[in-house]
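# Summary of structural features
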Amino acid sequence: MKDKKGILIGIGIAAAVLVTLSFYLLNAGNIELNEISLIGIVLIVVALAIYMLWDKIKNIRKGLPAKDERLILTNYKAGLYGFIAAIMSATFGPIIIEILFDYELPGHLVTAVVVLFSGFVFVASYLYMYWKGK
Amino acid sequence: MKTRIKELRARYDLTQEDLAKKIGVRRETILFIEKGKYNPSLKLAHDIAIALQTTIDDLFMFEED
């Protein structure tokens, strides 16, 4: 029951993100290159999150648990990597972008970069460890 | 670490999924334990040993590095 609630909440969040993104795209007008890269990361993170949800649904349908001790451990490790990525991107992200593109990131974009980069690292490292069994 | 899980599964005619259902874990966890890519907790090792009617000592073979 707890797993099903988690899956329903996950599907709701993914749908909300996609609806918000489509409203943004409809009203954005001209989209700049930096926004395209951020939107790309959002789409990748959402796609990977949907894969994780689908995998859980598949296991529940087979009568297997949605998560076990290996996946809980994987979650903790991926969370740690996501946290490290958040700190690193908050510290070095604006500096690197200023050096490479000569562009000073405004505050709201720094927040977006931190959230998206740490989210991406979390999902990517989760799936890597999930497939490799580490 | 080597295991005899595959051998004992075959003896009792159990698939990875059957064993996973018996002990309440995901099939991939059994796969990775068999391949030696994941070291199970003591509790999980105990549960697998009980499900395969053996002991932890008999199931897992530790190798010196």
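Refer to the structure above for everything that follows.
Our subject in this report is the structure included herewith.

Secondary structure assignment for chain B yields 5 helices and 2 strands. Reading chain B from its N end, one meets helices and strands in the order β-α-α-α-α-α-β. Taking 65 residues into account, the globule formula puts the C-alpha radius of gyration at 11 Å, and chain B, at 11 Å, falls close to it. Here the C-alpha coordinates of chain B stretch approximately 35 × 20 × 20 Å along the principal axes. Here chain B holds 65 residues, and 45% of them are scored as buried. Long-range contacts, defined here as pairs at least 24 residues apart, represent 55% of the contacts in chain B between residues at least 6 apart. For chain B, the centre of its 12 positive side-chain charges and the centre of its 12 negative side-chain charges are spaced 6 Å apart.

A separate point is the interface of chain A and chain B. With 19 residues of chain A at the interface, the matching set in chain B holds 15 residues. Between chain A and chain B, the buried area comes to about 1400 Å², and carbon and sulfur atoms account for 49% of it. A per-residue breakdown of the area chain A buries against chain B is headed by Leu64(A), Glu69(A) and Arg70(A), which together make up 40% of the total. Where chain A packs against chain B, one counts 1 salt bridge. In this structure, the salt-bridge partner of Asp55(A) is Arg26(B), at a minimum N-O distance of 2.2 Å. The interface formed by chain A and chain B includes 10 residue pairs in polar contact (both at pLDDT 80 or more). Breaking the side of chain A that touches chain B down by element, the ones donating at least two residues are α2 (33-61), α3 (69-101) and α4 (107-132) of chain A. Element by element, the count of residues in the side of chain A that touches chain B is highest for α3(A), at 4 residues. A class-by-class count of the residues in the side of chain A that touches chain B yields 7 nonpolar, 3 polar and 9 charged.

Attention now moves to the pattern of salt bridges. Counted under the stated rule, the structure contains 9 salt bridges over all chains. Here Lys58(A) and Asp55(A) are joined by a salt bridge, their closest N and O atoms 3.8 Å apart. Here Lys58(A) pairs with Asp55(A), and both are found in helix α2, just 3 residues apart, close to one helical turn. The class of Lys58(A) is partly exposed, set by a relative accessible area of 30%. Here Asp55(A) falls in the buried class, since its relative accessible area comes to 4%. Across the pair Glu17(B) and Lys21(B) runs a salt bridge, and its minimum N-O distance is 3.9 Å. Pair noted here: Glu17(B) and Lys21(B) are both in helix α2 (residues 16-23), with a separation of 4 residues, about one helical turn. Given a relative accessible area of 44%, Lys21(B) falls into the partly exposed group.

The rules behind each value
- Residues numbered from 1 in each chain as written.
- Chains lettered and ligands numbered in written order.
- Predicted model: local features only at pLDDT ≥ 70, side-chain atom pairs only at ≥ 80, totals over all residues.
- Heavy atoms only, no water.
- Helix = DSSP H or I, 4+ residues; strand = E, 2+ residues; numbered from the N terminus.
- Rg over C-alpha atoms; globule rule 2.2 N^0.38 Å.
- Buried < 20%, exposed > 50% of the residue type's maximum accessible area, 1.4 Å probe, protein only.
- Contact = heavy atoms within 4.5 Å.
- Lys, Arg positive; Asp, Glu negative; His and termini not counted.
- Charge placed at Lys NZ, Arg CZ, Asp CG, Glu CD.
- Buried area = accessible area lost by both parts, 1.4 Å probe.
- Salt bridge = Lys/Arg side-chain N within 4 Å of Asp/Glu carboxyl O.
- Polar contact = N/O pair within 3.5 Å; in protein donor to acceptor, adjacent residues only side chain to side chain.
- Nonpolar A, V, L, I, M, F, W, Y, C, P; charged D, E, K, R; others polar.

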